[in-house]
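# Fold and contact review
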Amino acid sequence: MNDTRTAEPFIHLADVSKSYGKGPKAHLAISNASFDVMPGELACLVGPSGCGKSTMLKILAGLHAQDAGTVSIGNSAYPFDPARDIGMVFQQPLLLKWRTIIDNVLLPAEILGLPKKASRERARDLLALVGLSGAEEKRPYELSGGMQQRAAIARALIHDPKLVLMDEPFGALDALTREKMNLELLRIWKQSGKTILFVTHGISEAVFLGSRVVVFTAGPARMADNFTIELPLPRTLDLKTHENFGAYTRRIYRLLGME
């Protein structure tokens with residue numbers, strides 16, 4: 001689902017490094033990471049737990065500054081405002097229990113001061129997009145974990161961001177719900193056209209979801225590979241039995257020293 005209007009990358013990282021602490025006790029989280037993501041791609045960052053993937057998302061979100069290297073988001077065709085153009089989805093839905101589902105979705109629009117009537121209409125449309133029509137006035141406790149995460153995705157899209165950052169958003173779900181959410185995410189990505197950066201430690205999940213996969217080795221995170229996934233769209237679960245799917249997963253296993 002790459003956008004063909006520009007050949008410029010939407011995200012560009014070159015030799016990015018990040019450490020926590022100073023002196024001999026400093027912890028190197030990311031070392032010389034470089035990769036590009038094109039507009040409209042669903043790129044997956046995959047690697048073992050604790051390898052620096054979440055730190056990379058925080059750098060892209062502007063929450064942490066890199067110690068070295070270059071990070072740029074946006075290009076001449078897609079100008080970028082970090083305060084306005086990022087949506088985030090975390091491992092936990094982080095819904096406010098005292099607000100209805102639609103009011104949870106509206107929270108970023110309220111913070112940004114967007115028009116109330118138009119935002120509420122968009123929130124209803126987004127809840128329909130993620131399969132939650134009819135749940136607008138429910139409270140979070142009335143929804144399953146998967147449904148709450150759908151609401152979190154709608155919340156990340158409410159202000160029409162250019163970039164959606166997802167930090168292991170399905171990691172807390174059971175296996176069957178996780179597979180269903182993978183299919184739903186691909187559908188939402190196709191319909192929304194957003195650039196998505198999805199962090200996971202699931203190798204099969206990265207191959208199934210990604211139009212591009214960036215492989216990080218064990219911490220400090222070093223980019224071991226960065227390649228496009230040439231598998232047909234729309235993707236269905238039976239794709240996981242395809243020979244090419246197995247070849248991609250074995251490629252990542254080898255990079256991580258697991259084969």
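Just so we're clear, the structure is a prediction, and the values are computed from it rather than from any experiment.

## Focus: empty space enclosed by the protein
If you walk through the whole model with that rule in mind, you get one cavity of 30 Å³ or more. Here the largest cavity defines a volume of roughly 40 Å³. Taken together, Val89, Ile153, Ala156, Leu157, Val164, Met166, Leu185, Ile188, Ser192 and Ile196 form the lining of the largest cavity. Among the secondary structure elements, those contributing two or more residues to the lining of the largest cavity are helix 5 (145-157), strand 6 (163-167) and helix 6 (175-192).

## Describing the packing of aromatic side chains
In the structure shown here, the tally under the stated rule is five aromatic pairs. Between Phe227 and Tyr248, the ring centres sit 6.0 Å apart and the planes meet at 5°, which makes this aromatic pair stacked. Within this pair, whereas Phe227 is found in strand 9 (residues 223-228), its partner Tyr248 is found in helix 8 (residues 243-255), the two being separated by 21 residues in sequence. Each residue in the set Phe10, Tyr78 and Phe80 is aromatic and connected to the rest through ring pairs, giving one cluster.

## Some points on the environment of Gly134
Mapped onto the fold, Gly134 is located in the loop between helix 4 (116-129) and helix 5. Separated by ten residues in sequence, Gly134 and Arg124 have C-alpha atoms that sit 9.3 Å apart.

## Things to note about the environment of Leu95
With respect to the helices, strands and loops of the structure, Leu95 is situated in the loop between strand 5 (86-89) and helix 2 (101-105). Sequence spacing of Leu95 and Ser204 is 109 residues, and the spatial spacing of their C-alpha atoms is 28 Å. Those residues in contact with Leu95 that lie beyond four places of it in its chain are Ile101, Asn104, Pro140, Gln148, Ala151, Ala152 and Arg155.

## Notes on the environment of Arg222
Mapped onto the elements, Arg222 comes out in the loop between strand 8 (212-216) and strand 9. When its relative accessible area of 40% is taken as the criterion, Arg222 is described as partly exposed. Between the C-alpha atom of Arg222 and that of Ala135, which follows or precedes it by 87 residues, the distance is 42 Å. Dropping the residues within four chain positions of it, Arg222 is found in contact with Ser31, Val215, Phe216 and Thr217.

Reading guide: rules and limits
Residues numbered from 1 in each chain as written. Predicted model: local features only at pLDDT ≥ 70, side-chain atom pairs only at ≥ 80, totals over all residues. Heavy atoms only, no water. 1 Å grid on protein atoms, 1.4 Å probe; cavity = no way out; pocket = protein on both sides within 12 Å on 5 of 7 lines; lining within 4 Å. Points joined across faces, edges and corners; volume = space filled by probe spheres on them. Helix = DSSP H or I, 4+ residues; strand = E, 2+ residues; numbered from the N terminus. Phe/Tyr/Trp six-rings, centres within 6.5 Å; stacked < 30°, edge-to-face > 60°. Contact = heavy atoms within 4.5 Å. Buried < 20%, exposed > 50% of the residue type's maximum accessible area, 1.4 Å probe, protein only.

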